[in-house]
Amino acid sequence: MLDVSKYIVDGKVDRAHIVFDIRDCRLSESEIRELAKNPDIQDSFFGGEFGGKKPRDQWDKKYLENIVCAAVGESFNEEYLLYLNEVARYVNRSQKKNSFNNSKLYVAVGIAVFAVIVVGVVVLR
């Protein structure tokens with residue numbers, strides 16, 4: 001069960017806290033929908049549909065940060081928070097995949113360097 005009270009500070013909705021938790025993938029889609037049902041959260045919604053949506057192949061860390069700012073300042077509503085969640089999850093998955101691929105590259109380079117050293121030692125004997 002989601003603790004909605006952690007997003008309400010001094011009787012006001014902390015929009016930034018919600019948006020940052022979505023950006024950092026700390027809230028699931030179902031939790032965002034649950035948040036959106038709360039009357040206090042609903043009262044803090046403003047803005048319409050975000051018109052600057054980009055195709056998925058253009059989603060990256062920079063785009064994620066741009067829409068985080070827009071969510072706090074321009075379009076804080078359920079539809080936009082769900083879109084932000086979709087982008088955040090995609091970008092974070094992509095970064096993990098790239099990180100894993102980079103790790104494999106470092107391991108391959110390390111093995112190659114080790115092999116060269118071993119061959120060099122064998123040849124010099």
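Residues numbered from 1 in each chain as written. Predicted model: local features only at pLDDT ≥ 70, side-chain atom pairs only at ≥ 80, totals over all residues. Heavy atoms only, no water.

## Details of the environment of Asp 40
By secondary structure assignment, the location of Asp 40 is in helix H3 (residues 39-44). On the basis of relative accessible area, Asp 40 is assigned to the partly exposed category, the value being 45%. Once the C-alpha coordinates of Asp 40 and Tyr 7 are considered, the two residues, 33 residues apart in sequence, prove to be 9.9 Å apart. With near-sequence residues (within four places) excluded, Asp 40 lies in contact with Ile 8 and Val 13. (Helix = DSSP H or I, 4+ residues; strand = E, 2+ residues; numbered from the N terminus. Buried < 20%, exposed > 50% of the residue type's maximum accessible area, 1.4 Å probe, protein only. Contact = heavy atoms within 4.5 Å.)

## Thoughts on the nonpolar core
Residues Ile 18 and Ile 67 are the most contacted members of the largest nonpolar core, which totals 28 residues. Secondary structure elements with two or more residues in this core: helix H1 (15-23), helix H2 (29-37), helix H4 (61-73) and helix H5 (78-124). Excluding residues that lie within four positions of it along the chain, Ile 18 makes contacts with Tyr 7, Val 13, Leu 27, Leu 35, Ile 41, Phe 76 and Leu 81. (Core = buried A, V, L, I, M, F, W, Y, C linked by side-chain atoms within 4.5 Å.)

## Thoughts on the packing of aromatic side chains
Considering all chains together, one arrives at four aromatic pairs under this definition. Between Tyr 80 and Tyr 83 the ring centres are 6.2 Å apart and the planes differ by 50 degrees, which places this aromatic pair in the tilted class. With Tyr 80 and Tyr 83 both in helix H5, this residue pair falls three residues apart, about one helical turn. No difference in accessibility class separates Tyr 80 from Tyr 83, as the two residues are buried. Here the basic side chain of Arg 15 rests over the ring of Phe 76, its NZ or CZ set 6.0 Å away from the ring centre. Cation over ring: Lys 53 sits above Tyr 83, and NZ or CZ is 4.8 Å from the ring centre. (Phe/Tyr/Trp six-rings, centres within 6.5 Å; stacked < 30°, edge-to-face > 60°. Lys NZ or Arg CZ within 6 Å of the ring centre and 35° of its normal.)

## So, H2
Ile 32, Leu 35 and Ala 36 are the residues of H2 that are buried. In an axial view of H2, the angular spread of the buried residues amounts to 100 degrees, which keeps them on one side of the axis. Within H2, the exposed residues directed more than 90 degrees away from the buried face are Ser 30 and Lys 37. (Arc of directions from axis to C-beta.)

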